[in-house]
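Overview (structure and organization)
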Amino acid sequence: MTATLIDGKQIAEALRREIAQSVAELKDRHNVTPALAVVLVGDDPASQVYVRSKLKQTVEAGMRSIEYVLPGTIAQSDLVACIRTLNADHDVDGILVQLPLPGHIDADAVIAELDPAKDVDGLSDLNAGRLASGKSGLLSGIVPCTPLGSLMLVKSVRQDLSGLEAVIIGRSNLFGKPMAQLLLQESCTVTIAHSRTADLPAVCRRADILIAAVGRAEMVKSDWLKPQAIVIDVGINRISLPEGKTKLVGDVDFAAARLHAQAITPVPGGVGPMTLACLLGNTLKAARLRRRLDV
Ligand code: GUN
């Protein structure tokens, strides 16, 4: 049997349409246009591509986008000054600092500067803490975009996740940890696996829901999968092909896994579009929360 393909592109498109509708309502009723500021430091080509997509989709959803491109040599204090200016600007609802930052910058210290009410990545201590203590519902807290989008993809296959075994490979603050919190809230039994996990294939074989976020091309093999698992591939890796060509692949050996799983996300076209759509959703949420508006 071949797994169902989880079409992140289509699900994200539907979500973006809903968000655009809500943005239009917010404008009509309250004369508010949510604004997202994206801060890009340096000239990493992959980050430039992501930032361009974020800004384009922000405008397409009817929101305002503001781009700050800062030199890769910027001093920590100047970057912090930029964040403080955005924090103080009443018209800015969301601030996203594109990661990774250059090596000389202390990313944690920069994230700590973000006003949690504008932290649309959900990375600040307050937002991470709210998520960990189950207080990031409709009316408070902002949840990181990629885990939020990944959960939506899982739930597009199956609504009730209660009692399922979920295994996440990867323990980052940006993905693995918040993903675990979200699945815990769905009453899954959650394991976070990582580079030191013993017998990773055996751990993965327990998973009804397997989520791979390691950044290693096609590392997860089909014999690591429990039959009928739901597989979410968060990896985006560029691999070399003959004749100087390249190709994007995920962390899962997709062609083989497709023969074992119940449902699987493609790369590209799976998690990526959901991250962007959830960023728009978080910006809208931040705009409402900051003004105490429920519509
Ligand atoms: N770089 C890769 N993914 C992300 C993300 O979700 N947020 C930010 N700020 N940077 C990223």
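Residues numbered from 1 in each chain as written. Predicted model: local features only at pLDDT ≥ 70, side-chain atom pairs only at ≥ 80, totals over all residues. Heavy atoms only, no water.

**Observations concerning the site of the ligand**
Contacts to the ligand come from Leu96, Val97, Gln98, Leu99, Asp121 and Leu174. Measuring from a nitrogen atom of the ligand, one finds a side-chain N or O atom of Gln98 at 3.2 Å. At 2.9 Å from a nitrogen atom of the ligand is found a main-chain nitrogen or oxygen belonging to Leu99. Look at the ligand: alone it shows 280 Å² of surface, and the protein chains cover 81% of it. Partitioning the shell around the ligand into residue classes produces four nonpolar, one polar and one charged. (Near = heavy atom within 4 Å. Polar contact = N/O pair within 3.5 Å; in protein donor to acceptor, adjacent residues only side chain to side chain. Areas by Shrake-Rupley, 256 points an atom, 1.4 Å probe, with all protein chains shown as cover. Nonpolar A, V, L, I, M, F, W, Y, C, P; charged D, E, K, R; others polar.)

**Remarks on helix H10 (residues 271–291)**
Between the first and last C-alpha of H10 there are 30 Å, a value that for 21 residues agrees with the 30 Å anticipated at 1.5 Å per step. For H10, the tally of buried residues reaches 15 of 21 residues, placing the bulk of the element in the interior. Directly after H10, the chain includes Arg292, whose backbone phi takes a positive value near 55°. (Helix = DSSP H or I, 4+ residues; strand = E, 2+ residues; numbered from the N terminus. Expected span 1.5 Å × (residues − 1). Buried < 20%, exposed > 50% of the residue type's maximum accessible area, 1.4 Å probe, protein only.)

**Describing the environment of Ala3**
Structurally, Ala3 can be placed in the segment before strand E1 (4–5). C-alpha separation for the pair Ala3 and Val220, spaced 217 residues apart in sequence, amounts to 16 Å. When neighbours within four sequence positions are excluded, Ala3 is seen to be in contact with Arg258, Ala261, Gln262, Ala263 and Ile264. (Contact = heavy atoms within 4.5 Å.)

**Digging into the pattern of salt bridges**
One pass over the structure, following the stated rule, counts eight salt bridges. Close ionic contact of Arg84 with Glu113 constitutes a salt bridge, the shortest N to O distance being 3.0 Å. A residue pair is termed long-range when its members are at least 10 positions apart, and Arg84 in helix H3 (residues 76–88) and Glu113 in helix H4 (residues 107–113) qualify at 29 residues. A relative accessible area of 24% means that Glu113 is categorised as partly exposed. Its salt-bridge partner being Arg290, residue Asp93 comes within 2.5 Å of it at the nearest N-O pair. Taken together, the positions of Asp93 in the loop between H3 and strand E4 (94–97) and Arg290 in helix H10 put the pair 197 residues apart, joining distant regions of the chain. Connected through salt bridges with shared partners, the residues Asp93, Arg290 and Arg291 form a single ionic network. (Salt bridge = Lys/Arg side-chain N within 4 Å of Asp/Glu carboxyl O.)

**Describing the side chain of Ser124**
Checked against the element boundaries, Ser124 lands in the loop between H4 and helix H5 (125–132). Assessed through its relative accessible area of 4%, Ser124 is described here as buried. Excluding residues within four positions of it along the chain, Ser124 makes contact with Ile111, Pro116 and Asp119.

**Details of the nonpolar core**
Nonpolar side chains in soluble globular proteins generally cluster together in the buried interior. Within the largest apolar cluster, 49 residues are counted, with the highest numbers of intra-cluster contacts made by Leu161, Leu183, Ile209, Ile211 and Ile232. A domain-level breakdown of this core finds at least three residues from each of domain 1 (31–115) and domain 2 (145–272). Sequence-distant contacts of Ile209, that is, excluding residues within four places in its chain, are made with Val154, Leu161, Leu164, Glu165, Ala166, Val167, Leu183, Cys188 and Ile230. (Core = buried A, V, L, I, M, F, W, Y, C linked by side-chain atoms within 4.5 Å. Domains from an automatic or database assignment.)

**Comments concerning the pairing of strand E8 (residues 230–233)**
Here E8 shows a buried face lined by Ile230 and Ile232 and a second buried face lined by Val231 and Asp233. Taken together, the four bridges between strand E7 (residues 209–212) and E8 define a ladder with parallel strand orientation. Looking at the pairing, Ile211 lines up with Ile232 of E8. (Pairing = 2+ DSSP bridges.)

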